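Examination of the molecular architecture
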Amino acid sequence: MARNTLVTLMRENREEILNEWFHQFIGAYPPETVKYFERIENTFTNPIGSNVHKSLVAILDELLGEQDGDKIYKDLEMILRIKAVQDVSPSKAAAFTMALKSIIQKRFQKEINSGTISVNDLLEFYDTLDSIALIAFNIYTESRELIYDMRIREIKERNDILQKANLLNESVDTSTFMRCSNYIEEK
Amino acid sequence: MAKLPKPAELLKIDYKPPETGWMDTPVEFKPGTYSYAGKPESLNLIGFPNPRTWQPTDDDWQLPENWQEIILDGLRDRLERFRSLKLFMDICVRCGACADKCHFYLGSGDPKNMPVLRAELLRSVYRKEYTLAGKLMAKMVGARELTLPVLKEWFYYFFQCTECRRCSVFCPYGIDTAEITMIARELLNLVGLNIDWVMGPVSACYMKGNHLGIQPHGVVDSFDMALDDIEDITGVRLDLSFNRKGAEILYVPPSGDVFATPGTYSLMGQLMLFHEMGLDYTLSTYNSEGGNFGLFTSNEMMKRLNAKIYAEAKRLGVKWILGGECGHMWRVINQYMDTMNGPADFLEVPVSPITGTRFENAKSTKMIHVTEFTADLLRHNKIKLDPSRNKGIIATYHDSCNPARAMGLMEEPRYILDHCVEWHEMPEDTIREKTFCCGGGAGLGNDENMEMRMRGGFPRANAVKYVHEKHGVNMLACVCAIDRATLPPLMRYWVPGVEVCGVHELLGNALIMKGEKKREENLRFEPLQNLEDEVAEEDANV
């Protein structure tokens, strides 16, 4: 992205923007959980908080830097993988990308109103965020499809085993089989 | 006409806490986060109460009219019988040390997955019924009545605990939260509340000796297939015996390793090793299961299923028992078998016929883990290995919960890996007694529960991802058949590029056998990378 005022200001306020973005994200969890998920020092004792934080940092830095699509995809993937198994709708799962818009709007209200940040710069940045949101939808859908595919694979594998053992024929009356525990219990 | 939501409304991500407290917020059964109900035919087979067709999503759970009385009587009875339960109900000071230690909590953020709160679901009812303060002041002391919503909550959350016992490691009082789950499941079973992935295997195991319900000839067939594969790969034909009286050792693997990959590869490695050592052992087609889903049902059911191990050992007249690479089986064997179905005074303390090592640790159970047996062989230089056959594999080791926490099996599997393959430890907080569960133990490894499994398995996967990125790890070794079933999808979801294997698969790859042909493939029929490198080198020289 060209070095415009918005990007410069965002770089200067990087820490504050990141903090707000992260706390908004974690704030979506129940209050009892927020205090645990906000502790990000150890990724192994707090995998969600620390991975989300790491990914948000990487995404923001890419947005303010080279905007490498592959790198952004990788970090979006981690967040969407998490959200796709946490019982949230796709819109809620991807909403964090859009949240950055309101964060910028609130933080730089004065600069936007005064024209220090040009409308063009703002629209350009919002466009980028829109693309990211769309990619996030893709990843969410891919993750859900993967879950269904894993389910199907497990069912098929189980089916194959049972078929091999001729156990899928329900007309077989299993009550006539020898009960291996009988003689043990009789004792 | 519905009003189109404003972006701000749609995107609102602020969490709105429920208007009611945790005690009064009912659960909602959503697809992907619960297990299907046990089938009536399974319950009929083992004589369990209230067999019927139902699902957790039904409004009417078709409970007996006096279900509250049944459960409260059941709780009273267990409080009298198990001093540990009485203690666990009374001594928790809600310090919170366990709160963020559960993999389901860390992967979901749902406060009722905090072990302390999960236990509180049962404790709140206990207080109301059995403490004076609870009777008089109810809510002030965290007591509540057993209502239908409470019962549904029990079902939801006690089937969201894998009984892995990680939380217990951190409890300053040593409360075994897994035992609280076990008792809660026992109580639920009294009114016919259970899941198919537990009751199916339990009834099949009771009827036919293994979880899948494969009959004796099917068991033999499966071993034959393994022998065919071993012959194709090594050129050596193994000779197995079933139900042979007078053998020195009874070998009991988990059936998951007999019927499903990648467990079968690990089983092949073990059979190859026993052949190479000339071990005098036999298998039983009646006792064709080391695992015991009774552990996830009730004390009595666990005992009934476990009984066949000693009974077969007695019938066949063996000296001692060797158990396979299984997980929860070892909690039953190491902590309960001796007092449930022992004393096994007709057996001898296990002594390795090859090294003469006497396994004093198994003095009372008379049963040792196969990695103990193999590590001892390696220690005495009794096994010839060519680790270069595992070239290309960079492994890590997942401590399966029960062997690690219920029997302290930490070093032996690592010792075997040291001899077979390049491998790297995962970070300290995620291994040994602090190991993270696969997310699918205790009967929760079913396909309908996939979303919950991915949540619960995330802390484990996160640690694997770390060594995958740092060291290029591409193989996750473990000693549990449930792990081998549940970890492959977990890896596919969180850490693509990492496969799952048993420790003895890697040993089998490296094992040099008498009379074997030049190995070209590993136990998965994949070309050996060291050979490919040799050919490339030769080509380069030409």
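1. Comments concerning the overall build of chain A
Counting its secondary structure elements, chain A contains nine helices and zero strands. Listed N to C, the secondary structure of chain A is α-α-α-α-α-α-α-α-α in terms of helices and strands. A burial count over chain A gives 29% of its 187 residues as buried. In chain A, of all internal contacts separated by at least 6 residues, the share reaching a separation of at least 24 is 65%.

2. A closer look at helix H16 (residues 328-341) of chain B
All names here are of chain B. In H16, a bend of some 50 degrees at Gln335 exceeds every other bend along the element. Of all the positions in H16, only His328, Met329, Trp330, Arg331, Val332, Ile333, Asn334, Tyr336 and Met337 are classed as buried. Residues of H16 that are buried sit in contact with helix H15 (299-316), strand S3 (320-323), strand S4 (367-369), helix H18 (401-407) and helix H22 (481-494).

3. Topic: the domain arrangement of chain B
As a measure of interface size, the accessible area lost when the parts come together is often cited. Residues and elements named next belong to chain B. Under the domain assignment used here, chain B contains domain 1 (24-194) and domain 2 (201-510). Once you take the C-alpha centre of each, domain 1 and domain 2 turn out to be 30 Å apart. Across the contact, 26 residues belong to domain 1 and 30 residues belong to domain 2. Of all the secondary-structure elements, those providing two or more residues to the side of domain 1 that touches domain 2 are helix H2 (40-46), helix H5 (103-108), helix H9 (166-170) and helix H10 (177-190). Ranked by residues supplied to the side of domain 1 that touches domain 2, first place goes to H5 with five residues.

4. A few points about the confidence of the model for chain A
Across chain A, pLDDT averages 89, with 88% of residues at or above 70. Mean pLDDT across the elements of chain A bottoms out in helix H9 (residues 182-186) of chain A (51) and peaks in helix H4 (residues 47-63) of chain A (97).

5. Remarks on the pairing of strand S7 (residues 475-478) of chain B
Regular strands show a simple pattern: their side chains alternate between the two faces of the sheet. Residue and element names in this part refer to chain B. Burial of S7 is two-sided: the residues Met475 and Ala477 facing one way and the residues Leu476 and Cys478 facing the other way are all buried. Relative to S7, strand S5 (residues 394-397) runs parallel, the two sharing three bridges. Opposite Thr396, over in S7, you have Leu476 as the bridge partner. Sheet topology places S7 next to strand S8 (residues 499-502); four bridges connect them, and they run parallel. Within S8, the position partnered with Met475 by the bridge is Glu499.

Reading the values: rules and limits
- Residues numbered from 1 in each chain as written.
- Chains lettered and ligands numbered in written order.
- Predicted model: local features only at pLDDT ≥ 70, side-chain atom pairs only at ≥ 80, totals over all residues.
- Helix = DSSP H or I, 4+ residues; strand = E, 2+ residues; numbered from the N terminus.
- Buried ≥ 20, exposed ≤ 12 C-beta atoms within 10 Å, placed from the backbone.
- Contact = placed C-beta atoms within 7 Å.
- Bend = angle between axes of the 7 residues up to and from the residue.
- Domains from an automatic or database assignment.
- pLDDT = per-residue confidence, 0-100.
- Pairing = 2+ DSSP bridges.

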